[in-house]
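Now for the letters of each chain:
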Amino acid sequence: MMIGKRLNGRYKILSPIGGGGMANVFLAHDMILNRDVAVKILRIDLTDESNLIRRFQREAQSATSLDHPNIVSIYDVGDENDLHYIVMEYVDGMDLKRYIQENHPISFEKAVDIMRQIVSAVSAAHEHHIIHRDIKPQNILIDQKGVVKITDFGIAMALSETSITQTNSLLGSVHYLSPEQARGGMATQKSDVYSLGIVMYELLSGEVPYDGESAVSIAIKHLQAQIPSVRATNPDIPQSLENIIIRATAKDPFARYQSAEEMEADLRTCLDPSRLNEPKYILKADDGDTKAVPIIPSKMMAGNLDETVIPENTEKQAEQIVSDEKASAEKEDPKKSKKKKSKKKKAFWIILVIILLFAGLITTLWALGREPDDLTMPNVVGKTEAEALSILQKDGFSIGRTVERNSDSVKEGRVISSDPKAGEEKAKGTKVTLYISIGSKKISMEDYHDESYEETKKTLEEQGFKSISKNEEYSSSVEAGKIISQDPSAGTEVIAKETNVNFTVSKGAPPITLKDLRGYNQRALDDYASSNGITIKSTEEYSDSVEKGQVISQSPTAGSSVSSGATVNVVLSKGPKEKQVKKVTKTLQIPYRGSASDSDSDSDEESDSQEPEHIVIYIEDKNHSMSSPYREMDITKNETVTISFEIEEGSNATYKVLNNGSVVSEETVAYPG
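Residues numbered from 1 in each chain as written. Predicted model: local features only at pLDDT ≥ 70, side-chain atom pairs only at ≥ 80, totals over all residues. Heavy atoms only, no water.

Visitor: Just to check I follow, could you spell out the overall build of the protein for this structure?
Guide: Within the protein, the secondary structure is distributed over 14 helices and 34 strands. Taken over 673 residues, the protein has a buried fraction of 40%. When contacts within the protein are restricted to residue pairs at least 6 apart in sequence, those whose partners lie at least 24 apart make up 66%. When the accessible surface of the protein is summed, it comes to about 36500 Å², and 47% of that surface belongs to carbon and sulfur atoms. (Helix = DSSP H or I, 4+ residues; strand = E, 2+ residues; numbered from the N terminus. Buried < 20%, exposed > 50% of the residue type's maximum accessible area, 1.4 Å probe, protein only. Contact = heavy atoms within 4.5 Å. Areas by Shrake-Rupley, 256 points an atom, 1.4 Å probe, with all protein chains shown as cover.)

Okay, here's the thing in structure tokens:
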């Protein structure tokens, strides 16, 4: 199982994305560059095929020369043990096939925008002499922002590499196959243009132009049938759009666009108001003439419609017959040409049916008349190697080679499969390859320290581990939910389905018992918070009893338990609140108590003769106290004195008047309300 595996210690496989006949594609994470990527891995059962490995590597070499915003980028190519892989740009979206199914009908503007991006990418590839050869909606991706990306250059080729086109078969998607590819001929840039026209037809109509019960019937339509009018499915489609499809899908390559760049230029202006109702494009040649059709063996008639192998050499037989008929027809009187043409088509179909029946007859005769020395391959799956060798030798087969492979279902030392497979008819003495089980594949435990337990558990479950459990403990160094330690330890070789894995998982830092923070200043609070991993938030209040800048109270209270990262609130003193001071004036009447005090005479002469009396005034307010005199004076007559008090809010002032040491008056002066 690939999920959770790290290729070369860098690319961690997360989940499968898709696959094909040659490789499987996975979503992976690049641990070095911290980004998601797509990893295409050659199928394990094909790693012994050196020609397929070379083809797989050629895919990367071809695609790495392409740098275009609408072509999936290739980041890396590598191999590990028996795994050959290509690391590509990950496109978060869907393929065009699914996009069409979910969004049909698609607006003309959007369809043209998508086609312009596709054609631009193909044009760039053609400039590098690379032909895609397999353009279809399944190989075109659209991300969340609507950006189109072409992928899968697995069967692309440089024009200088002609060896591929000289083979006897062609691999491709029959719904989008150009007529020359269907004949087994060499694919050219115009073959890609044809496929682009079919893709555009599907974008606008929601369906492919040619369909049938078998790949053969579809291939015949590509060769013979005129492409249906896309406007028949939707009359609102502008004629300018249909004209692009007609020109791109011409049977004769010379009647198509001369390049993808020319098609791209036509797409730029196709929605201009002046072009919407332009005349229908008429091909110069009659594209509906009878064409030579490949003769395809009946065993292939039910093949996959999307991945079909069409032999090249069988087409020449029918082509020669039709060619002879055409040559004969050209000598006929023109007046009879229409009638002859109808007869010619009927004759072609009769000949085709006869050839197919003849091929089936030959196959039947071969099966009935095979050589008596042909042997049926015995079933040795599940046998020990010794048992299998004995059976094969007894039945007339010779021993080729044995190949060891991992297997979760077949016991160690027993046969997984054979080549030829059981039931196949082979000549006496045929060499047989046996694939022997070496048991389940051992994997090396990775280091999961400081990894998320929940994510790790999910990964190991996907890998098939027997059980995953955990113990929890406090840790000041490992975040809560992360793994502290593991058993088996990192690097241990294990068999997943037989292994129990136990993790020690952090509960976070241990709880903290709060100290009494009263009297702490801000600096002491910062040191306490830092050393214990908590946060302290403060507010301020006036206090007559606590010095300014020190803690008055806290919440939670002292002795409470809190976890690391908790928040503790404290109240800091702003010191005593400043009181308001008001000024109060008091007028005092100080009597003279001497012998002349009873006299009503106030003349200066009488005053000069009186004995002076010593007056001392004491006051107590914000700025004065009774410990020292406020004012002293000597009087020989009644005097009037004005005193000013400064009284604080919430307090009183007092005064005292002494005459020769005796209190003559005293009073408390209240703070004015």
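Visitor: It is not clear to me how the sheet that holds strand E3 (residues 23-30) should be interpreted in this structure. Could you clarify?
Guide: Strand pairs in the sheet, formed through backbone hydrogen bonds, run parallel or antiparallel to each other. Ordered by their spatial adjacency, 6 strands build an open sheet running E1-E2-E3-E4-E6-E5, and the pairing between neighbours is antiparallel. Either end of the sheet is taken by a strand with one partner, and the two such strands are strand E1 (6-7) and strand E5 (74-80). Direction of pairing for strand E2 (residues 11-19) relative to E3: antiparallel, over a ladder of 7 bridges. What sits directly across from Gly 19, in E3, is Asn 24. (Pairing = 2+ DSSP bridges.)

Visitor: For this particular structure, what's the right way to read the nonpolar core?
Guide: Judged by nonpolar contacts, the single largest core of 49 residues is most densely connected at Leu 96, Met 115, Ile 118 and Met 263. For this core, the elements supplying multiple residues, two or more each, are helix H2 (96-103), helix H3 (108-127), strand E9 (140-143), strand E10 (148-150), helix H5 (189-205), helix H6 (215-224), helix H7 (239-248) and helix H8 (260-269). Excluding anything up to four places from it in sequence, Ile 118 contacts Leu 96, Ile 140, Val 148, Ile 150, Leu 196 and Val 199. Counting residues in each nonpolar core, the second largest holds 18 residues, with Ile 590, Ile 643, Phe 645 and Ile 647 among its members. (Core = buried A, V, L, I, M, F, W, Y, C linked by side-chain atoms within 4.5 Å.)

Visitor: Hey, could you run me through unusual backbone geometry in this one?
Guide: Of note, the bond from His 104 into Pro 105 is cis; its omega dihedral lies within 30 degrees of zero at 0 degrees. The omega torsion across Asp 487 and Pro 488 is 5 degrees, close enough to zero to call that bond cis. Looking at the element boundaries, Pro 488 is found in the loop between strand E21 (483-487) and strand E22 (493-495). Phi is positive for Asn 8, which is not a glycine, with a value near 50 degrees. Judged by its relative accessible area of 47%, Asn 8 falls in the partly exposed class. Unlike most non-glycine residues, Asn 34 shows phi in positive territory, near 55 degrees. You can see Asn 34 is positioned in the loop between E3 and strand E4 (35-42).

Visitor: Can you help me understand the pairing of E4 in this one?
Guide: Successive side chains on a regular strand alternate, one facing one side of the sheet and the next facing the other. Across the 8 residues of E4, 6 count as buried, placing the element largely inside the fold. Here 8 bridges tie E3 to E4, and the two strands are oriented antiparallel to one another. In the sheet register, Ala 28 faces E4, and the bridge partner there is Val 37. With antiparallel pairing between neighbouring strands as the criterion, E3 and E4 make up a hairpin whose turn holds 4 residues, including Asn 34 at a positive phi of roughly 55 degrees. Judged from the 5 bridges that link them, E4 and strand E6 (residues 83-89) form a sheet pairing that is antiparallel. Bridge pairing in E6 links Val 39 to Val 87.

Visitor: What am I meant to see in the packing of aromatic side chains here?
Guide: Two measures describe an aromatic ring pair: the distance that separates the ring centres and the angle between the ring planes. Inspection of the entire model under this criterion finds 4 aromatic pairs. Ring geometry for Phe 645 against Tyr 655: centres 6.3 Å apart, planes inclined by 45 degrees, an arrangement best described as tilted. One end of the pair, Phe 645, is in strand E32 (residues 639-648); the other, Tyr 655, is in strand E33 (residues 653-659), and 10 residues separate them in sequence. The same class applies to Phe 645 as to Tyr 655, namely buried. Through pairs of rings, three or more aromatic residues link up here, namely Tyr 448, Tyr 453 and Phe 503. One Lys or Arg, Lys 507, reaches over the ring of Tyr 474 and ends 4.3 Å from the middle of that ring. (Phe/Tyr/Trp six-rings, centres within 6.5 Å; stacked < 30°, edge-to-face > 60°. Lys NZ or Arg CZ within 6 Å of the ring centre and 35° of its normal.)

Visitor: Explain the side chain of Glu 278 here, please?
Guide: By the element assignment, Glu 278 lies in the loop between H8 and strand E13 (308-309). A polar side-chain atom of Glu 278 sits 2.9 Å from a polar atom in the side chain of Asn 243. A polar side-chain atom of Glu 278 sits 3.0 Å from a polar atom in the side chain of Arg 275. Other than its neighbours up to four places away in sequence, Glu 278 contacts Gln 239, Ser 240 and Asn 243. (Polar contact = N/O pair within 3.5 Å; in protein donor to acceptor, adjacent residues only side chain to side chain.)

Visitor: Honestly, the sheet that holds strand E25 (residues 535-541) in this entry has me stumped. Any pointers?
Guide: Judged by pairing direction, the sheet is mixed, and its 3 strands sit side by side in the order E25-E28-E26 without closing on themselves. Looking at which strands have only one partner, the edges of the open sheet turn out to be E25 and strand E26 (551-555). When strand polarity is set aside, the average angle formed by the axes of neighbouring strands in this sheet is 25 degrees. Summarising the sheet, E26 and strand E28 (residues 567-573) pair through 4 bridges and their orientation is antiparallel. By the bridge assignment for E28, Ser 555 is matched with Asn 569. Relative to E25, helix H13 (residues 522-532) is tilted by about 160 degrees, and along the sheet it contacts E25, E26 and E28. (Axes fitted to C-alpha atoms, helices over the stretch in contact; angles between N-to-C directions.)

Visitor: Honestly, the side chain of Glu 264 in this entry has me stumped. Any pointers?
Guide: Along the chain, the position of Glu 264 falls in helix H8. Residue classification places Glu 264 among the buried positions, given a relative accessible area of 12%. Those residues in contact with Glu 264 that lie beyond four places of it in its chain are Arg 116, Val 119, Ser 120 and Ser 123.

Visitor: Would you mind showing me how to read the confidence of the model for the protein here?
Guide: Low pLDDT means the predicted atomic positions in that stretch should not be read closely. Scored by pLDDT, the protein has a mean of 81; 79% of the residues are at 70 or more. Counting interchain partners and residues more than four positions distant, the pLDDT-below-50 stretch residues 286-336 has 101 contacts. Of the regions scoring below 50 in pLDDT, residues 596-601 engages in 4 contacts with residues more than four places distant in sequence or in other chains. (pLDDT = per-residue confidence, 0-100.)

Visitor: Would you mind showing me how to read H13 here?
Guide: Structurally, the α-helix is built with 3.6 residues per turn, so residues lying three or four positions apart point the same way. Of all the positions in H13, only Leu 525, Tyr 528 and Ala 529 are classed as buried. Down the axis of H13, the buried set is contained in an arc of 95 degrees. They therefore lie on one face. Those residues of H13 that are exposed and angled more than 90 degrees off the buried face are Arg 523, Asp 527, Ser 530 and Ser 531. On its buried face, H13 sits against strand E24 (512-513), E25, E26 and E28. The positive-phi residue at the C-terminal boundary of H13 is Gly 533, with phi of around 70 degrees. (Arc of directions from axis to C-beta.)

Visitor: I'm lost on H5 in this one. Help?
Guide: Between its terminal C-alpha atoms H5 stretches 25 Å, which fits the 24 Å expected from 17 residues at 1.5 Å a residue. Judged by how many residues are buried, H5 sits mostly within the fold: 16 of 17 residues are covered. (Expected span 1.5 Å × (residues − 1).)

Visitor: Sorry if this is basic, but what is going on with the packing of H7 against H8 here?
Guide: Between two packed helices, the angle of one axis relative to the other and the distance separating the axes together describe the packing. Interaxial distance between H7 and H8 falls to 10 Å at its minimum, and their mutual angle equals 170 degrees. The angle between H7 and H8 places the two elements in the roughly antiparallel class. From H7, Ile 244, Arg 247 and Ala 248 reach across to H8, where they touch Glu 262, Met 263, Asp 266 and Leu 267. (Parallel < 35°, antiparallel > 145°, perpendicular 65-115°, else oblique.)

Visitor: Any chance you could explain the environment of Phe 465 here in plain terms?
Guide: One can find Phe 465 in the loop between helix H12 (453-463) and strand E20 (467-473). Given the relative accessible area of 6%, Phe 465 is considered buried. Along the backbone, Phe 465 and Glu 498 are 33 residues apart, and their C-alpha atoms lie at a distance of 6.8 Å.

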